[in-house]
Amino acid sequence: MKRILIIGSLGQLGSEIAYECRKRYGNDNVVLTDLRDDINVPLIQGGPFYKVDCRDGEAVLEIVKKHNIDTIYHLAAILSATAERNPLNAWNINMGGLMITLEIARQMGCAVFTPSSIGAFGPTTPKKFTPQDTIQRPTSIYGVTKVAGELLCDYYNHKYDVDTRGVRFPGVISNLTPPGGGTTDYAVEIYYEAVRKHHYTCFLRGDTYLDMIYMPDAVQAAIQIMEADPSRLRHRNAFNIAAMSFCPEEQAAYIRTQIPDFTISYEIDPVKQAIADSWPDALEDYAARVEWDWKPKFELAAMTKDMLDTIRGRE
Ligand code: NAD
Ligand code: AKB
């Protein structure tokens, strides 16, 4: 039985990985931490939870020892759009937190999952069918921390044999916890506004293609890679994973199949548009498919129906 620590557990990804891990491994075997404790009350009350800064190494080490943790999901981070407003803070949290996690994993023999992102690529990366191993010169501070994080995880694996694993997540679309300040947040907001107002004002251009993934597939990827046979993993960290690629115009067209009078207009945010323009249109994910059998279930039509049905059911 795994004993898991999830750092950054109340965020968009952390909250859903936490629910799934508690279902699979038992509530007491899944310990949660976050900087905040004012959301997701059922999660906080459903098992061990600590309000802790991920850079507080002593506090995190104590939790790892107390709960005999063997696997850490490190999910605390500042996302791309927020990071551009305060690069120093983004660097400190994204790199400081990861470094502490890897050091503790080295001392205590824990496995570590850390997500990278499509943000680890930049304008000189091939935009279409982006290969697993290719040019990585990102132009956002978020991307800089993601590339550095990928390298750091590789380093702790090569140098200290820490069992580090990870994926490059596309923009994650979900309906439990709101997204935390990224460039791809529009693709979540659009569904809420479609149900509430039948209209969405998008901050990206209508023809901006980006990779996206629906949360059930994202959670499956995070758990599946940690359970994968290590002897099959040629890449350990930063596997490209792809599920769907679309632009706001296409997403709006799919929404119209469910809400015929839905309309979209555009008020471009130049900072977010510049970030999106620097990212790939669509990744190639052959390595993940071959090395740990990655296979997403959701594409745009099925996700759109599920998102709209779920949000309508709650409104
Ligand atoms: P999020 O912003 O929704 O959640 C991050 C969580 O970390 C929040 O609950 C926040 O309170 C917590 N946190 C922030 N600073 C902290 C600190 N100093 N100490 C402890 N906790 C702190 O982010 P997310 O979308 O869940 O992303 C999780 C990871 O996945 C990040 O590494 C992110 O870069 C990566 N990722 C996310 C997406 C996406 O679309 N959501 C895509 C690619 C990669
Ligand atoms: C962001 O937009 O910052 C994230 C990501 C793709 O990493 N959603």
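All chains use their own residue numbering, which begins from 1 and follows the written sequence. Starting at A for chains and at 1 for ligands, labels are handed out in the order in which the entities are written. The predicted nature of this model means local features are confined to residues of pLDDT at least 70 and side-chain atom pairs, given and counted, to a pLDDT of 80 or more, with totals for whole chains, interfaces and linings taken over all residues. Hydrogens are left out, water is left out, and the side-chain values use all remaining heavy atoms of the structure.

Even after reading the chapter, I still don't get the nonpolar core, so can you show me in this structure?
For soluble globular proteins, nonpolar side chains are generally found buried alongside one another. One finds Ile-173, Tyr-186, Tyr-191, Phe-246, Phe-262 and Met-303 to be the most contacted residues of the largest nonpolar core, which totals 41 residues. For this core, the element with the highest residue contribution is helix H7 (residues 186-197), accounting for 8 residues. The term nonpolar core refers to a set of buried residues drawn from Ala, Val, Leu, Ile, Met, Phe, Trp, Tyr and Cys, joined through side-chain atoms within 4.5 Å. Per-residue accessibility, obtained with a 1.4 Å probe over protein chains only, is compared with the maximum for each type, and a residue is labelled buried under 20%, exposed over 50%, and partly exposed between these values. Core analysis: the next-biggest nonpolar cluster, separate from the first, contains 37 residues, Ile-17, Phe-49, Met-215 and Ile-223 among them. By definition, any uninterrupted DSSP run of H or I lasting at least four residues is a helix, any uninterrupted run of E lasting at least two residues is a strand, and each is numbered from the N terminus.

Mind showing me how you'd approach the packing of H7 against helix H12 (residues 300-314) here?
The packing of two helices is summarised by the inter-axis angle and the distance between the axes. Packing of H7 against H12 brings their axes to within 10 Å, and their N-to-C directions diverge by 50 degrees. Judged by the angle between their axes, H7 and H12 are oblique. In the packing of H7 onto H12, the handedness of the crossing is right-handed. Counted together, Tyr-191, Tyr-192, Ala-194 and Val-195 of H7 and Leu-300, Met-303, Thr-304, Met-307, Leu-308, Ile-311, Arg-312 and Arg-314 of H12 form the full contact between these two elements. Three residue categories are used. Nonpolar comprises Ala, Val, Leu, Ile, Met, Phe, Trp, Tyr, Cys and Pro, charged comprises Asp, Glu, Lys and Arg, and polar comprises the others, including Gly. By residue class, the composition of the contact of H7 with H12 is 9 nonpolar, 1 polar and 2 charged. Note on geometry: axes are lines fitted to C-alpha atoms, helical ones only across the stretch in contact, with angles between N-to-C directions running from 0 to 180 degrees. Any angle that is under 35 degrees is reported as roughly parallel, and any over 145 degrees as roughly antiparallel; angles of 65 to 115 degrees are reported as roughly perpendicular and all others as oblique. Crossings are sorted by hand: turned counterclockwise from the far helix by less than a right angle, the near helix makes the crossing left-handed, and turned clockwise it makes it right-handed. We call two residues in contact whenever any of their non-hydrogen atoms come within 4.5 Å of each other.

Hey, could you run me through the domain arrangement of the protein chain in this one?
Often, the extent of an interface is quoted as the loss of accessible area upon association of its parts. How far each domain reaches was decided by an automatic or database domain assignment. When the domains of the protein chain are assigned, the result is domain 1 (4-171 + 213-240) and domain 2 (172-212 + 243-314). Contacts between the two partners involve 48 residues from domain 1 and, on the opposite side, 44 residues from domain 2. Note on terms: buried area is the combined drop in 1.4 Å-probe accessible area of two parts once they are placed together, counting the loss on both. At the boundary of domain 1 with domain 2, total buried surface from both sides reaches about 3,900 Å², with 59% on carbon and sulfur atoms. We define a salt bridge as a contact between a side-chain nitrogen of Lys or Arg and a carboxyl oxygen of Asp or Glu at a distance within 4 Å. Our enumeration of links across domain 1 and domain 2 arrives at 3 salt bridges. For Lys-128, the salt bridge goes to Asp-281, with nearest N and O atoms at 2.7 Å. As used in this structure description, the phrase polar contact means that two N or O atoms lie within 3.5 Å; if the pair is within protein, one of them must be able to donate a hydrogen and the other to accept it, and residues adjacent in sequence are counted only when both atoms belong to side chains. Taken together, domain 1 and domain 2 are joined by 29 residue pairs in polar contact (both at pLDDT 80 or more). Among the secondary structure elements, those contributing two or more residues to the side of domain 1 that touches domain 2 are helix H1 (12-25), helix H4 (80-85), strand E7 (128-130), strand E9 (167-169), strand E12 (210-214), helix H8 (215-226) and strand E13 (239-240). The biggest single contributor to the side of domain 1 that touches domain 2 is H8, with 7 residues.

Can you walk me through the sheet that holds strand E10 (residues 171-173) in this structure?
Two strands in a sheet stick together by hydrogen bonds in their backbones, pointing the same way (parallel) or opposite ways (antiparallel). Strands were regarded as paired on the criterion that DSSP finds at least two bridges between them. Taken in spatial order, the 3 strands of this open sheet run E10-E12-E14, and their pairing is mixed. The open sheet has two free edges, formed respectively by E10 and strand E14 (244-246), since each of these has just one partner strand. When the angles between neighbouring strand axes are averaged without regard to direction, this sheet yields 45 degrees. Contacts between H7 and the sheet are confined to E10, E12 and E14, with E10 contributing the most and set at about 25 degrees to the helix.

Quick question: what am I supposed to make of the sheet that holds strand E8 (residues 164-165) here?
Pairing is parallel across the open sheet formed by 6 strands, whose spatial order is E3-E2-E1-E4-E5-E8. Unpaired on one side and paired on the other, strand E3 (49-51) and E8 mark the two borders of the sheet. Looking at chain direction, strand E2 (residues 30-34) and E3 are connected through 3 bridges and run parallel. Paired with Leu-32 across the strands is Phe-49, a residue of E3.

Got a minute to help me understand the site of ligand 1 in this structure?
In this text, near means that some heavy atom of the residue lies within 4 Å of the molecule or strand in question. Within the structure, ligand 1 sits among 29 residues, and Gln-12, Asp-34, Cys-54, Tyr-142 and Val-172 are positioned closest to it. Residue Asp-34 places a side-chain N or O atom 2.6 Å away from an oxygen atom belonging to ligand 1. Between an oxygen atom of ligand 1 and a side-chain N or O atom of Tyr-142, the distance comes to 2.6 Å. Each accessible area is a Shrake-Rupley estimate made with a 1.4 Å probe; only the visible protein chains count as cover when residues are assessed. Alone, ligand 1 offers 830 Å² of accessible surface; in the complex the protein occludes 93% of this. Among the elements of the structure, H1, strand E6 (116-117), helix H6 (141-160) and E10 are those that each provide at least two residues to the shell around ligand 1. Top contributing element to the shell around ligand 1 by residue count: H1, with 3 residues. Per-class residue counts for the shell around ligand 1 are 15 nonpolar, 9 polar and 5 charged. Per-domain counts for the shell around ligand 1 show at least three residues from each of domain 1 (4-171 + 213-240) and domain 2 (172-212 + 243-314).

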